[in-house]
Amino acid sequence: MSILEPSPSDATAHTNHYVVGIGAAAGGSEDIFKLFDQFPSNTNYSFIVIQPLNDDKNQMIKLLTKHTQMQVREAENNIKPLPNCVYVGPSGKQLTLENGLLHLGNLIHNHEPNFAIDVFFKSLAKDRGRFAIGILLSGTDTD
């Protein structure tokens, strides 16, 4: 069992924890850092950061680790968000939450606005219900 997987005795503890979606449009990175400067590292919440125009997720992960003691990692397909972890959505992917698992799909690149944050928030609310929290940090984009 890896350090990222819950032990069998913890399985029920991870089913009803809050998942916090944090959407930041263009120009919202500094606000994300300020937000995590205020969060304690033991909330037992999972945090999912969505930045539709973030081209350098590795840089975001590296910078975010300076603002929290929680583990920060790239969101991956078919993983269950764990408490006290921050997941950064990869660029060029559409992130959703279904049946308690993160799912990555390809973004359709056309002339329409990018609604990656809206799509994730809708899936978060549908999947987590009362255990969903959405935070939208405004920027200069269309979400």
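The following paragraphs examine the structure supplied in this document. Note that the coordinates shown come from a computational prediction; the quantities given were computed from them, not determined experimentally.

## A few points about the nonpolar core
If you look at the biggest cluster of nonpolar residues, it comprises 16 residues, and the most contacted ones within it are I32, F36, V49, L64 and V86. Ignoring anything within four residues of it in the chain, the contact list for V86 reads F36, F47, V49, L64, M70, Q71, V72 and R73. Within the second largest apolar cluster, 15 residues are counted, among which are L82, C85, L95 and L124.

## Re the side chain of R73
Within the secondary structure layout, R73 lies in strand β3 (residues 71-74). In terms of polar contacts, R73 uses its side chain to reach the side chain of E76, at 3.3 Å.

## Topic: the packing of aromatic side chains
For any two aromatic rings, the description comes down to two numbers: the centre-to-centre distance and the angle of the planes. Taken as a whole, this structure holds six aromatic pairs when the rule is applied. Each ring, one from F36 and one from F39, has its centre 5.4 Å from the other, and the planes form 70°; the classification is edge-to-face. Through a chain of ring-to-ring contacts, the aromatic side chains of Y18, F36, F39, Y45, F47 and F131 assemble into a single cluster.

## Observations concerning the pattern of salt bridges
All chains considered together, the criterion is met by one salt bridge. Across the pair R73 and E76 runs a salt bridge, and its minimum N-O distance is 3.3 Å. A residue is classified by how much of its surface remains accessible, and E76, at 39% relative accessible area, is partly exposed.

What counts as what
Residues numbered from 1 in each chain as written. Predicted model: local features only at pLDDT ≥ 70, side-chain atom pairs only at ≥ 80, totals over all residues. Heavy atoms only, no water. Core = buried A, V, L, I, M, F, W, Y, C linked by side-chain atoms within 4.5 Å. Buried < 20%, exposed > 50% of the residue type's maximum accessible area, 1.4 Å probe, protein only. Contact = heavy atoms within 4.5 Å. Helix = DSSP H or I, 4+ residues; strand = E, 2+ residues; numbered from the N terminus. Polar contact = N/O pair within 3.5 Å; in protein donor to acceptor, adjacent residues only side chain to side chain. Phe/Tyr/Trp six-rings, centres within 6.5 Å; stacked < 30°, edge-to-face > 60°. Salt bridge = Lys/Arg side-chain N within 4 Å of Asp/Glu carboxyl O.

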